[in-house]
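Structural characterization, general
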Amino acid sequence: MEVDTIRKFTWKINNFSTIKDKKLYSEIFYVGGYPWRLLVFPKGNEVDHISIYVDVADSATLPVRWTRYAQFRLTAVNQICPKTSITKVTQHEFNAKEVDWGFTSFVPLSKLHDPKCGYLVNDACLVEADISTDRTIDLESHELIVEGASDKVKGMEADYVKAAIDNQKTSITKPEEITTPSPAILAAPAVMTSPGRDKTKSTIQNSPTSQSSSLSDTIEPEDPKEEDMDTFFTSLEYELVSSKVIVSSQEEAKEALAKIEEALNMAPANLNELGKSSTLKEAFKILSSFDCSSIITCEEKAELLAMEESLKELPECAARAVQDMNLLSEKESVKLTLTRNLERSLLKFKEAKAEEEKVEQKIADLYKQLDEAQKNKENILTEKKEIFRISKELKMELETIGKELPEYEAKAKVAEEEQKFVEAEWTRMKDLISFIKEKIQI
């Protein structure tokens, strides 16, 4: 079987804006009998650009000093205006130390995610790679390079790409990035580097698609798998859309614009309710296939087609706004009720606080009375102790006297007898004096 030495591969990366992994690989495709794949850093390889490389898929199983030559052309496809797709060309001698090669700064992320620029349509990104392993083939002159473009643009691109490759340095270890100045290849200069040797595969399940060149036979298994058939027809659909002949007339474009204008004259919130989505979809389909290059610029056409997404989102946004405003009214009503309840609660709290202060004052007064009563109690206790002390002393004196009393009683009895004797003697002496006195007077 003949081995393809040149091939076009198209990779459609779905749900691009939701990818979380740092890098992801395409499925494997064969050129020159060798397995290749594309390597993409969706958020950039340490830069604010999407980074795109070609990778040797079987590098881990190759001998130590292996080399493999390839020249390749990488394209970030502008799905709205293909003529403005960004394309970069280089060649490289792959080896064990440089298993991948490409462009670190390919498309600025701000431009890539701008819906007006056309690189993300329905959140899908298209990356094309034209790869040749034949050193005798001028890649830029091959039909794969200009597939789907007009003859005039084909000639211009081929001339500029050839001039770019002729000016490229021949060193395979330090190649320069080639960015052709053709209007069909709008790319700012960037430093082309290898992203490293880390081979950890992405976990993003985006079902990337591949496409064979129409000029080269693809090596297909005799019994194709379901996945291979899906990949083939997805790529075929993109090719047919990209090369579709423009059929919409100016009158059809006018009618399409009138339908869009009619929709814009409606209230945004009512657009979905009136079932205009299918009509608008058809109108934008007509405009996308209308050749308006002589009337408006690609940027204006991209902005016009980007309006389709806005007409899907804005009515929903308006409906959400109405819902949010209604919700705000409900919340304000609830807030008013809660505020009134809080005011009543505050009033009750103040009343309870005043009552609490009165009770606390009473408690303070009671504590004060308790302190005074405690002091009185202590004074009484002190007085009791003093009385007790004095009483003990008096009792001791009484007991002492009680012991001495018999003696004093005996002495008092003797004294009483003596007093009687004295009184008797005293009376006798008085009587004697009175008798003698009477005798003298006689």
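Thresholds, definitions, all that
- Residues numbered from 1 in each chain as written.
- Predicted model: local features only at pLDDT ≥ 70, side-chain atom pairs only at ≥ 80, totals over all residues.
- Heavy atoms only, no water.
- Helix = DSSP H or I, 4+ residues; strand = E, 2+ residues; numbered from the N terminus.
- Buried < 20%, exposed > 50% of the residue type's maximum accessible area, 1.4 Å probe, protein only.
- Contact = heavy atoms within 4.5 Å.
- Areas by Shrake-Rupley, 256 points an atom, 1.4 Å probe, with all protein chains shown as cover.
- Expected span 1.5 Å × (residues − 1).
- Arc of directions from axis to C-beta.
- Pairing = 2+ DSSP bridges.
- Salt bridge = Lys/Arg side-chain N within 4 Å of Asp/Glu carboxyl O.
- pLDDT = per-residue confidence, 0-100.
- Phe/Tyr/Trp six-rings, centres within 6.5 Å; stacked < 30°, edge-to-face > 60°.
- Lys NZ or Arg CZ within 6 Å of the ring centre and 35° of its normal.
- Core = buried A, V, L, I, M, F, W, Y, C linked by side-chain atoms within 4.5 Å.
- Patch = residues over 30% accessible without salt bridge, like charges linked within 9 Å, V, L, I, M, F, W, Y side chains within 5 Å.
- Polar contact = N/O pair within 3.5 Å; in protein donor to acceptor, adjacent residues only side chain to side chain.

This part takes up the overall build of the protein chain. The secondary structure content of the protein chain amounts to six helices and ten strands. For the protein chain, the residues scored as buried account for 33% of the 442 residues in total. Counting only contacts in the protein chain whose residues sit at least 6 apart along the sequence, the fraction spanning at least 24 positions is 69%. Accessible area for the protein chain stands at about 28900 Å²; split by element, carbon and sulfur atoms hold 56% of it.

Next up on the list: helix α4 (residues 250-264). Three or four residues apart is the spacing at which side chains of an α-helix point the same way, because the helix has 3.6 residues per turn. Its 15 residues give α4 an end-to-end C-alpha distance of 21 Å, which sits within 8% of 21 Å, the value for a rise of 1.5 Å per residue. Every buried residue belonging to α4 is among Ala253, Ala256, Ile260 and Ala263, and all of these are buried. Down the axis of α4, the buried side of the element spans an arc of 80°, and every buried residue falls inside it. Among the exposed residues of α4, those oriented more than 90 degrees off its buried face are Glu251, Glu255 and Glu261.

Buried residues dominate strand β6 (residues 67-76), accounting for nine of its ten residues. Taken together, the six bridges between β6 and strand β9 (residues 125-132) define a ladder with antiparallel strand orientation. Counterpart to Leu74 in the pairing with β9 is Ala129.

Moving on to the pattern of salt bridges. Following the criterion strictly, the structure yields 13 salt bridges and no others. Between Lys254 and Glu251 there is a salt bridge whose closest N-O contact spans 4.0 Å. With Lys254 and Glu251 both in helix α4, this residue pair falls three residues apart, about one helical turn. Across the pair Glu425 and Arg428 runs a salt bridge whose closest N-O atoms are separated by 2.0 Å.

Attention now moves to the pairing of strand β5 (residues 49-56). Burial runs high along β5: eight of the eight residues are buried. Relative to β5, strand β4 (residues 34-41) is paired through six bridges, and the arrangement is antiparallel. Bridge pairing in β5 places Arg37 opposite Asp55. For β5 and strand β8 (residues 100-108), the ladder comprises six bridges, and the chain directions are antiparallel. What sits directly across from Ile52, in β8, is Phe103.

Considering the arrangement of structural elements, one finds Asp21 in the loop between β1 (6-13) and β2 (24-25). C-alpha of Asp21 to C-alpha of Pro42: the two residues are 21 residues apart in sequence and 8.0 Å apart in space.

Turning next to the confidence of the model for the protein chain. In the predicted model, the protein chain carries a mean pLDDT of 76, and 70% of its residues have values of at least 70. Note that residues 242-247 has pLDDT below 50 and, in this model, seven contacts with residues that lie over four places away or in other chains.

What follows deals with the packing of aromatic side chains. Centre distance and the angle of the planes are the two values used to describe a pair of aromatic rings. Tallying each qualifying case throughout the model produces five aromatic pairs. A centroid spacing of 4.1 Å and a plane angle of 15° characterise the contact between Phe9 and Phe29, whose relative ring orientation is stacked. Taken together, the residues span a long stretch of sequence, with Phe9 in strand β1 and Phe29 in strand β3 (residues 29-31) at a distance of 20 residues. Across the pair, exposure class does not vary: Phe9 and Phe29 are buried alike. One cation-aromatic arrangement involves Arg68 over Trp36; the distance from NZ or CZ to the ring centre is 5.6 Å. Sitting over the ring of Tyr408, Lys411 keeps its end group 5.6 Å from the ring centre.

It is worth spelling out the nonpolar core at this point. Counting 35 residues, the largest nonpolar core has Ile13, Leu38, Ile50, Leu74, Phe94 and Phe106 as the members making the most contacts within it. Counting residues in each nonpolar core, the second largest holds 14 residues, with Phe284, Ala302, Leu304 and Leu311 among its members.

Right, let's talk about unusual backbone geometry for a bit. A positive phi is found at Asn122, a non-glycine position, where the angle reads about 55°. Phi angles above zero are rare outside glycine, and Asp123 is one such case at about 60°. Among the structural elements, Asp123 can be located in the loop between α1 (109-112) and β9.

Turning our eyes to something else, we now look at a nonpolar patch on the surface. Together, Val359, Ile363, Tyr367 and Leu370 give the surface a local cluster of nonpolar side chains, amounting to about 380 Å² of exposed area. For Tyr367, the location among the structural elements is in helix α6 (residues 298-441). Judged by relative accessible area, which is 53%, Tyr367 ranks as exposed.

Before going further, it helps to examine the side chain of Lys88. With respect to the helices and strands, the residue Lys88 is situated in strand β7 (residues 86-95). Given the relative accessible area of 0%, Lys88 is considered buried. Side-chain polar atoms of Lys88 contact the backbone oxygen of Phe106, separated by 3.4 Å.

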